[in-house]
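# Close look at the chain arrangement
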Amino acid sequence: MAQQAGFGRKYFKAFVSGFFVAVPVTVTILDRLAYVARVEGASMQPSLNPDGGSSSDVVLLNRWSVRNYRVQRGDIVSIVSPKNPQQKIIKRVIALEGDFIRTLGYKNRYVRVPDGHLWIEGDHHGHSFDSNSFGPVSLGLLHGRASHIIWPPNRWQRIEPSIPTDRKPLLNGSQKSSEDEDL
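A short tour of the structure in this document, coming up. (Residues numbered from 1 in each chain as written. Predicted model: local features only at pLDDT ≥ 70, side-chain atom pairs only at ≥ 80, totals over all residues. Heavy atoms only, no water.)

## Some words on the pairing of strand 9 (residues 142–151)
- Of all ten residues making up strand 9, seven are buried, and the element is well covered by its neighbours.
- Alignment of strand 2 (residues 57–62) against strand 9, held across five bridges, turns out to be antiparallel. Within strand 9, the residue paired with V59 across the bridge is I149.
- Sheet topology places strand 3 (residues 76–80) next to strand 9; three bridges connect them, and they run antiparallel. Considered in strand 9, the bridge of S78 is made with G144.
- In the sheet, strand 9 pairs with strand 10 (residues 157–158) via two bridges, with the strands oriented antiparallel. Directly across from H148, in strand 10, lies its bridge partner R158.
- Counted between consecutive antiparallel strands, the loop separating strand 9 from strand 10 contains five residues. (Buried < 20%, exposed > 50% of the residue type's maximum accessible area, 1.4 Å probe, protein only. Helix = DSSP H or I, 4+ residues; strand = E, 2+ residues; numbered from the N terminus. Pairing = 2+ DSSP bridges.)

Below is the structure:
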């Protein structure tokens, strides 16, 4: 009987020591590399949650890819909500810093995205709380880039960057205008 107690204690010690190694490793992975998030609501339809309220897509959010604020137009990103810091929202990057964009109901019809900011929008314009409501978003609020849909299984796929043709920036910040070339 005493031998069984020593045997159980040995396994308990192994479990506890493994636990104390696994928890910090898991926390580091979730904080620095990637994590999964459930997408709720209609704002990103039809790209995400195409069936509406009947099911929610689960996406892999790549935190490593945005560590240097490197995103491109068309990426679907997760950001901390500018209106409620307790909430994260997921939207598509429409314009980068320096781009000129035609807005869909923002206080100014045309906006130049300031340095260090993004213009984000949901794919379902009538049902999205996005830059058209609160303006350009600071890059500091960037939380991750959605790289894959991982649930439900029939929707497993890589998420490729794309922008609707009617939402492309009027002038990219990387382009020079004819006035710049004359100088």
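## Quick look at the nonpolar core
- Within the largest apolar cluster, 13 residues are counted, with the highest numbers of intra-cluster contacts made by V71, V77, I79, V93, L118, I120 and L142.
- For this core, the elements supplying multiple residues, two or more each, are strand 3, strand 4 (88–95) and strand 7 (117–121).
- Contacts of L142, omitting those with residues within four sequence positions, involve V66, Y69, V71, V77, S78, I79 and L118.
- Residues Y35, I76, I90 and I159 belong to the second largest nonpolar core, which totals twelve residues. (Core = buried A, V, L, I, M, F, W, Y, C linked by side-chain atoms within 4.5 Å. Contact = heavy atoms within 4.5 Å.)

## Considerations on the pairing of strand 2
- Two strands pair when backbone bridges link them, and strand 1 (residues 34–39) and strand 2 are joined in this way by six bridges, in the antiparallel orientation. Along strand 2, the bridge assignment pairs A34 with N62.

## A closer look at the packing of aromatic side chains
- Per the counting criterion, the structure on display carries two aromatic pairs.
- Geometrically, the ring pair formed by F129 and F134 is edge-to-face, given 5.1 Å between the ring centres and 70 degrees between the ring planes.
- A relative accessible area of 38% places F129 in the partly exposed class.
- Among the residues examined, F134 registers a relative accessible area of 14% and is labelled buried. (Phe/Tyr/Trp six-rings, centres within 6.5 Å; stacked < 30°, edge-to-face > 60°.)

## Here we look at the environment of N108
- Relative to the helices and strands, N108 resides in the loop between strand 5 (100–102) and strand 6 (110–112).
- Judged by its relative accessible area of 40%, N108 falls in the partly exposed class.
- Expressed as a C-alpha distance, the spacing of N108 and N132, which sit 24 residues apart in the sequence, is 9.4 Å.

## Focus on the pattern of salt bridges
- One pass over the full model with this rule turns up seven salt bridges.
- Among the ionic pairs, R155 bridges to D57, the shortest N-O distance being 2.8 Å. Taken together, the residues span a long stretch of sequence, with R155 in the loop between strand 9 and strand 10 and D57 in strand 2 at a distance of 98 residues.
- On the accessibility criterion, D57 (1% relative accessible area) is buried.
- Residue R158 pairs with E160 through a salt bridge whose shortest N-O separation is 3.1 Å. (Salt bridge = Lys/Arg side-chain N within 4 Å of Asp/Glu carboxyl O.)

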